[in-house]
There are 2 protein chains.
Amino acid sequence: MYVTLPSDFGAPEQFNIVVGPASRPNDASLKAGDTLFYEGDPVDWLYQVKSGVLRLTRVLEDGRQQVIAFGFPGDIVGFPSDGLHHTDCDALVDTRLQPYRRSALDSGERNPELHSVLLNAALHEISAMQDHFMMLGRKSAAEKVASFLCVLTNRIGKHVDGYQQVRLPMSRSDIADFLGLTTETVCRTFTQLRKSKIIEIENIYTITVVRPDALLGLTMRDCD
Amino acid sequence: MYVTLPSDFGAPEQFNIVVGPASRPNDASLKAGDTLFYEGDPVDWLYQVKSGVLRLTRVLEDGRQQVIAFGFPGDIVGFPSDGLHHTDCDALVDTRLQPYRRSALDSGERNPELHSVLLNAALHEISAMQDHFMMLGRKSAAEKVASFLCVLTNRIGKHVDGYQQVRLPMSRSDIADFLGLTTETVCRTFTQLRKSKIIEIENIYTITVVRPDALLGLTMRDCD
DNA sequence: CGGGTTCTTGACTATCTTCAACGAAAGTGG
DNA sequence: CCACTTTCGTTGAAGATAGTCAAGAACCCG
C-alpha cells in the first residue's frame, strides 16, 4: 500500500484474491513479527496477502529506515529485481498469504492468466509508487498524515456508529518511516487532528474519523 | 533514472539497446521540448531512450510538481497501469527513441525475448524507485544533491583533464522537483559544493567533480 | 506488580522554504 | 544587430516547518 492521490479515493480498489494452481512454500501464514524474506534473498515466490498486514522496509547503513510499503489484503508483494528481494518483509499481525511461483511471473507459458495478473500487479505498483513520490517529495507533514489516514480508512476502515473507524496495525514510528517524518511529528499531527475534532483517538491503535470531509481537505493544499 | 544508493555505484549499469522487431510509431525522435505523451493517454508503445534525455512529471491540482524520473540512454519508459500513462513525458534535449509495441509487454507469445526484457525493465524500475523513496524520505538537501550528482556522473559523466565532467540537461527547478526541494535550496547547495572545492561550476549546465570521494562522502550521513 | 517499550508533550534548534531583489542568459521584434 | 522582455539562476534575510533532545505518561508483557 502506498499513499495515493485523493482522486483515487472515489473508487475503492478491488481486492480480488486470485485463486490459481500454486503449490505452497513451507508455510503460507505468518505470526505477528515473523519475517517473510530479507533484502538480498533470492525470490522463489510472490505472495498475495489474504489477511493481515505486511511491512516492507529498507535500512541505510547509518540506521535510517524507510518503510517502503505496507501489504494489505489483496496486495501482492515480493517482486524480484535481478532475481532478488530488495526489501525486508515482516508481518505486523498474524497474516495469511497466497504464494505464487516466481516462474509464473517470468513467463506465461504455464498459466497465462496468472502471468497477466502478476504483471499487472507489478505495473500497478509502479504507478502507485509514483503517487507516493509526490507525497514524499511535495507534501507537508499534515498533508502526509491526513492522506495516510484517508487511504487507510478507505482500505481497512469499518463503519462504527456511522463513523469510519480504523485499527492501525503499525507503530507510530512505522508511520513516520513510511511518510518520511519523525515519530514525534506524527504524534503531534495526530494530536492536532484530535484537537481539531477531525479524528478521535479511541486508543493508540484505534482512530475514528469524525469529519472525513475535513480530513480529505487536509490532504491537499488549497488550489488558489 | 532515479537516485540510487551508493552501493550501486561500483558497477555502472548496462545500457544494452535491445534491437528487436518493432515497427515504429509516427516518429521515433523528439526535439527538445517536445512531448512524448501525457498523463491519461492510452499506452500503445513503450520507448527505450537511444540518445537524449526524457523527463517524466506529475502535477498536483495546486501546481506543485514532482519530476518522477529522468530517462537517460538505455532507460525504458512508458509502462502502463490500467492501460494508461500516469505521467507526462517530454524531451529535455533532442532525443531518439526505440519504440516497442505495448503488446510485447502484455504477452510473450510473439516475442518471448523482448517480453522478458521489458518485464525485467519494469521490475528493475520498482527496485530503483524503492531506492529513490529512501532518498526523498530520509536524506537531507546536501545528501540529495550529492547523490544526484554522483548518479549523474556515473551515467553520463565524461572524463576531461582527468576529472569527471557532467553536462546537466535539466534546469535547477527540474532538479529541485526531482529531489523534493526548492530551486533556491538546490542553488545554494551547488554553491556550497563549489565553495568547498568539491565541484566546479564551469557554466550553469556544466559541472566538474573535483573531489569525487568527498562528493560520495556527502551522499550519506556518517555511520557513527 | 515491575520493567521496558512506545507514545506524547514541551522547549529549543536546524534546516529548508518563502519572499524579494538582482544579474545573467536567452528569446523577440524592430 | 541591438534594445527590450522574459525567463532562469543566484544570493540574502526572515520565517516556518519539522527535527532533536529530554522528560513524563501510557501501555504491554512476563
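The coordinates are above.
Here's a quick rundown of the structure. Everything numeric here is computed off the predicted structure, so don't read it as measured data.

Looking only at helices and strands, one finds six helices and twelve strands in chain A. For chain A, the proportion of its 224 residues judged to be buried stands at 54%. Considering only contacts in chain A between residues 6 or more positions apart, those separated by 24 or more positions represent 71%. Summing over all exposed atoms, chain A offers an accessible surface of approximately 10,100 Å²; the carbon and sulfur share of this is 48%.

Bringing the interface of chain A and chain B into the picture now. Counting from both sides, the interface comprises 45 residues of chain A and, opposite them, 46 residues of chain B. For the pair chain A and chain B, the two sides together bury roughly 4,200 Å², of which 64% comes from carbon and sulfur. Of all residues in chain A, the largest losses of buried area upon contact with chain B belong to Arg64(A), Phe133(A) and Arg138(A), amounting jointly to 20% of the total for that side. Taken together, the connections running from chain A to chain B amount to six salt bridges. Taking the shortest distance from any N to any O, the salt bridge between Arg138(B) and Asp177(A) comes out at 2.9 Å. The interface formed by chain A and chain B includes 18 residue pairs in polar contact (both at pLDDT 80 or more). Secondary-structure elements contributing two or more residues to the side of chain A that touches chain B are strand S5 (65–71), helix H1 (103–106), helix H2 (112–138) and helix H4 (172–179) of chain A. The element that contributes the greatest number of residues to the side of chain A that touches chain B is H2(A), accounting for 17 residues. Tallied by class, residues from the side of chain A that touches chain B come to 19 nonpolar, twelve polar and 14 charged.

Not every one of the 17 residues close to DNA strand C is listed here, only the nearest: Arg172(A), Thr191(A), Ala141(B), Thr185(B) and Arg188(B). Restricting attention to atoms of DNA strand C within 4 Å of the protein, one finds that 61% of them are sugar or phosphate atoms. One nitrogen or oxygen atom from the side chain of Thr185(B) is found 2.3 Å from a phosphate oxygen belonging to DNA strand C. Here Arg188(B) contributes a side-chain N or O atom positioned 2.8 Å from a base oxygen of DNA strand C. If you list the elements that add at least two residues to the surface near DNA strand C, you get helix H5 (183–195) of chain A together with helix H5 (183–195) of chain B. The leading source of residues in the surface near DNA strand C is H5(A), at five residues. Classifying every residue of the surface near DNA strand C by side-chain character gives five nonpolar, six polar and six charged.

Burial analysis of strand S5 (residues 65–71) of chain B places six of its seven residues in the buried class, the great majority of the element. Connecting strand S4 (residues 54–59) of chain B to the next strand, S5(B), in antiparallel fashion are five residues, including Gly63(B) with a positive phi near 105°.

Residue and element names in this part refer to chain A. Spatially, the four strands line up as an open sheet ordered S1-S8-S3-S6, and their pairing is antiparallel. On the outer flanks of this sheet lie strand S1 (29–30) and strand S6 (76–77), each paired with one strand and no other. Pairing of strand S3 (residues 45–51) with S6 involves two bridges; the strand directions are antiparallel. The residue of S6 that forms the bridge with Gln48 is Ile76.

Conventions adopted
- Residues numbered from 1 in each chain as written.
- Chains lettered and ligands numbered in written order.
- Predicted model: local features only at pLDDT ≥ 70, side-chain atom pairs only at ≥ 80, totals over all residues.
- Heavy atoms only, no water.
- Helix = DSSP H or I, 4+ residues; strand = E, 2+ residues; numbered from the N terminus.
- Buried < 20%, exposed > 50% of the residue type's maximum accessible area, 1.4 Å probe, protein only.
- Contact = heavy atoms within 4.5 Å.
- Areas by Shrake-Rupley, 256 points an atom, 1.4 Å probe, with all protein chains shown as cover.
- Buried area = accessible area lost by both parts, 1.4 Å probe.
- Salt bridge = Lys/Arg side-chain N within 4 Å of Asp/Glu carboxyl O.
- Polar contact = N/O pair within 3.5 Å; in protein donor to acceptor, adjacent residues only side chain to side chain.
- Nonpolar A, V, L, I, M, F, W, Y, C, P; charged D, E, K, R; others polar.
- Near = heavy atom within 4 Å.
- Pairing = 2+ DSSP bridges.

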